[in-house]
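Topology and contacts: notes
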Amino acid sequence: METKIIKVDPERPDKSALEEAARILRAGGLVAFPTETVYGLGANGLDANACKKIYEAKGRPSDNPLILTIGDISGLYPIVGRVTENAEKIIDAFWPGPITLVLPKADCVPMEVTGGLDTVAVRFPSNAVARELIKTAGIPVAAPSANSSGKPSPTRASHVEFDLNGKIDMIIDGGPADWGLESTILDVSVDRPVLLRPGAVTKEMIEEIVGEIDVDPAVYSKPSADIVPKAPGMKYKHYSPAAKVILVSGNLENVVKTINEKVSEDSAKGLKVGVMATEQTKNRYTGASVLVVGDRDKPETIGANLFKILRKFDHIGVDVVYSEVFDEAGEGAAIMNRLNKAAGFNYIYC
């Protein structure tokens, strides 16, 4: 398969390009497109065979649910069984935007989308390219991240091309994603909402709207092998470069010292070592390939760069990556959720 790549203006995308992509989606093909979070891999969300192609292209486990994206609010009602009171509050506060809601599914939604569950995850993205494409297609679009399963999510069209070139029909290049981490996922199918995946819409922001919520244990700890995932990213190792990722936790002074010691030990064994550092620590590491993920005082910069930096370590070709850890308050919860998944909860405490 030849993958066609089309570059569009992220604010005013060319209508003819979107019409071509929409025809591919309606015909059962796969189109990667930008959102405000990461690039999504789109298929007709009501076509079971088209959704199966997503799993095949990504190498994705079949019990890992997909997210349905809609182009306007009216697209929600035909694909869910009901809209709960808490869902309405979240919709009013945050849609369109980087939060996905889990609701009872309508009969028209195939089980290939939901991973066999009776609930469906739905998102209304704010990105102009995504919204116009979905509206032009006239269908809900199933759209997990447009990467090979388990690898860092793509924040640029070049990342999608590296992973999926020759496996999908089209890539729409709408520039880099703004946020750089996947959407928040909130289960509002139950009386007390449950945070299934942290993102740009934080737990604190949600609780200002609906009151106290629960957090699924898989958000902050390694999930059990028999977990039935209710949302993407809950069960399997995710976001990982080819290298082994090790998180180093403790007082920052001790973290820097410990990482430098491990770099020296590993280098002596003939390993090529990478360090994921911050603006505050970038000049304090020696003997390793040091990449700066962002500024500790500006967590949004870390979120925007995290997947890009993990992918850069693949291009450099390191064997092991040592990373600092970050405060889990606010946006930090999403950052550490992704880092924990990337490392498989592999920690050194110092």
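Everything discussed here concerns the structure shown above.
Overview of the structure. Since this is a predicted model, take the numbers as computed values, not measurements.

1. Brief notes about the nonpolar core
Judged by nonpolar contacts, the single largest core of 44 residues is most densely connected at Leu41, Leu76, Trp95, Ile99, Leu101, Ile168 and Ile206. Counting only elements with at least two residues in this core, the list comes to β3 (40-44), α2 (48-58), α3 (85-94), β5 (99-104), β6 (119-123), α6 (157-164) and α7 (203-210). Of all the elements, α2 adds the most residues to this core, at 5 residues. Ignoring sequence-local partners within four residues, the contact set of Ile206 consists of Ile90, Phe94, Ile99, Thr184, Leu186, Leu195, Val201, Gly211 and Ile213. Ranked by size, the runner-up nonpolar core spans 27 residues in total, among them Ala243, Leu291, Phe307 and Leu339.

2. Considerations on the environment of Val102
By the element assignment, Val102 lies in strand β5. In sequence terms Val102 and Val120 are 18 residues apart; their C-alpha atoms lie 5.5 Å from each other.

3. Quick look at the sheet that holds strand β15 (residues 320-324)
Adjacent strands of a sheet form backbone hydrogen bonds with each other and so pair up, either parallel or antiparallel. Read across the sheet, 5 strands follow the order β14-β13-β15-β12-β16 without closing on themselves; strand pairing throughout is parallel. If you trace the sheet from one side to the other, it starts and ends with β14 (289-294) and β16 (347-349), each paired once. Each strand axis lies, on average, 25 degrees off the axis of its neighbour in the sheet, ignoring direction. For strand β13 (residues 273-278) and β14, the ladder comprises 5 bridges, and the chain directions are parallel. Bridging from a neighbouring strand, Ala277 pairs with Val292 of β14.

4. A look at unusual backbone geometry
Note that the residue after Trp95, namely Pro96, is joined by a cis bond; omega there is -5 degrees. Relative to the helices and strands, Pro96 resides in the loop between α3 and β5. In this model, Phe345 sits at a positive phi of 60 degrees, which is unusual for a non-glycine residue. Tracing the backbone shows Phe345 in the loop between α10 (332-343) and β16.

5. Focus on the packing of aromatic side chains
If you walk through the whole model with that rule in mind, you get 2 aromatic pairs. Ring geometry for Trp95 against Phe124: centres 6.2 Å apart, planes inclined by 90 degrees, an arrangement best described as edge-to-face. Placement of the pair is Trp95 in the loop between α3 and β5 and Phe124 in the loop between β6 and α5 (128-137), with a sequence separation of 29 residues. Of the residues examined, Trp95 reaches a relative accessible area of 10% and is grouped as buried.

6. Description of the packing of α3 against α7
Where α3 meets α7, the axes come as close as 9 Å, and the angle between the chain directions of the two elements is 120 degrees. When the interaxial angle is binned, α3 and α7 end up oblique. The handedness of the crossing between α3 and α7 is right-handed. For the pair α3 and α7, contact is made by Asn86, Lys89, Ile90, Ala93 and Phe94 and by Met205, Ile206, Ile209 and Val210, respectively. When its residues are assigned to classes, the contact of α3 with α7 shows 7 nonpolar, 1 polar and 1 charged.

7. A short note on the sheet that holds β6
One open sheet holds the 11 strands; their spatial order is β1-β8-β2-β3-β7-β4-β6-β5-β9-β10-β11, and the pairing between them is mixed. The sheet terminates laterally at β1 (4-7) and β11 (214-215), the two strands that pair on one side only. Two elements, β1 and strand β8 (residues 170-173), share 4 bridges in a ladder whose sense is parallel. Residue pairing across strands places Lys4 opposite Met170, the latter belonging to β8. Strand contacts of α3: β5 and β9 (184-187), with the helix running at about 160 degrees to β5, the strand carrying the most contacts.

8. Quick notes on the side chain of Arg197
Looking at where Arg197 falls in the secondary structure, it is placed in strand β10 (residues 194-197). This buried residue, Arg197, is left without a salt bridge; Glu182 holds the nearest opposite charge, at 4.9 Å.

9. With respect to the state of the cysteines
For the structure on display, the rule yields 0 disulfides. Among the cysteines around Cys51, which has no disulfide bond, Cys108 carries the closest sulfur, lying 11 Å off. Overall, the relative accessible area of 0% leaves Cys51 in the buried class.

10. Section: helix α8 (residues 252-268)
A rise of 1.5 Å per residue sets the reference length of α8, with its 17 residues, at 24 Å; its end C-alpha atoms lie 24 Å apart and thus fit the reference within 8%. Among the residues of α8, those classed as buried are Val255, Val256, Thr258, Ile259, Val263 and Asp266. Each buried residue of α8 lies within a common arc of 165 degrees when the element is viewed along its axis, so the set occupies one face. Of the residues in α8, the exposed ones pointing more than 90 degrees away from the buried face are Lys257 and Ala268. Looking at the packing, one finds that the buried side of α8 touches β12 (244-249), β13, β15 and β16. One side-chain oxygen of the residue at the start of α8 lies 2.9 Å from the amide nitrogen of Glu253, identifying that residue as Asn251. Where α8 ends, the next residue or the one after it, Gly270, has phi of about 90 degrees, a positive value.

How each quantity is defined
- Residues numbered from 1 in each chain as written.
- Predicted model: local features only at pLDDT ≥ 70, side-chain atom pairs only at ≥ 80, totals over all residues.
- Heavy atoms only, no water.
- Core = buried A, V, L, I, M, F, W, Y, C linked by side-chain atoms within 4.5 Å.
- Buried < 20%, exposed > 50% of the residue type's maximum accessible area, 1.4 Å probe, protein only.
- Helix = DSSP H or I, 4+ residues; strand = E, 2+ residues; numbered from the N terminus.
- Contact = heavy atoms within 4.5 Å.
- Pairing = 2+ DSSP bridges.
- Axes fitted to C-alpha atoms, helices over the stretch in contact; angles between N-to-C directions.
- Phe/Tyr/Trp six-rings, centres within 6.5 Å; stacked < 30°, edge-to-face > 60°.
- Parallel < 35°, antiparallel > 145°, perpendicular 65-115°, else oblique.
- Left-handed = near helix turned anticlockwise from the far one by under 90°.
- Nonpolar A, V, L, I, M, F, W, Y, C, P; charged D, E, K, R; others polar.
- Lys, Arg positive; Asp, Glu negative; His and termini not counted.
- Salt bridge = Lys/Arg side-chain N within 4 Å of Asp/Glu carboxyl O.
- Disulfide = S-S within 2.5 Å.
- Expected span 1.5 Å × (residues − 1).
- Arc of directions from axis to C-beta.
- Polar contact = N/O pair within 3.5 Å; in protein donor to acceptor, adjacent residues only side chain to side chain.

Read these as spatial facts, not as claims about activity.
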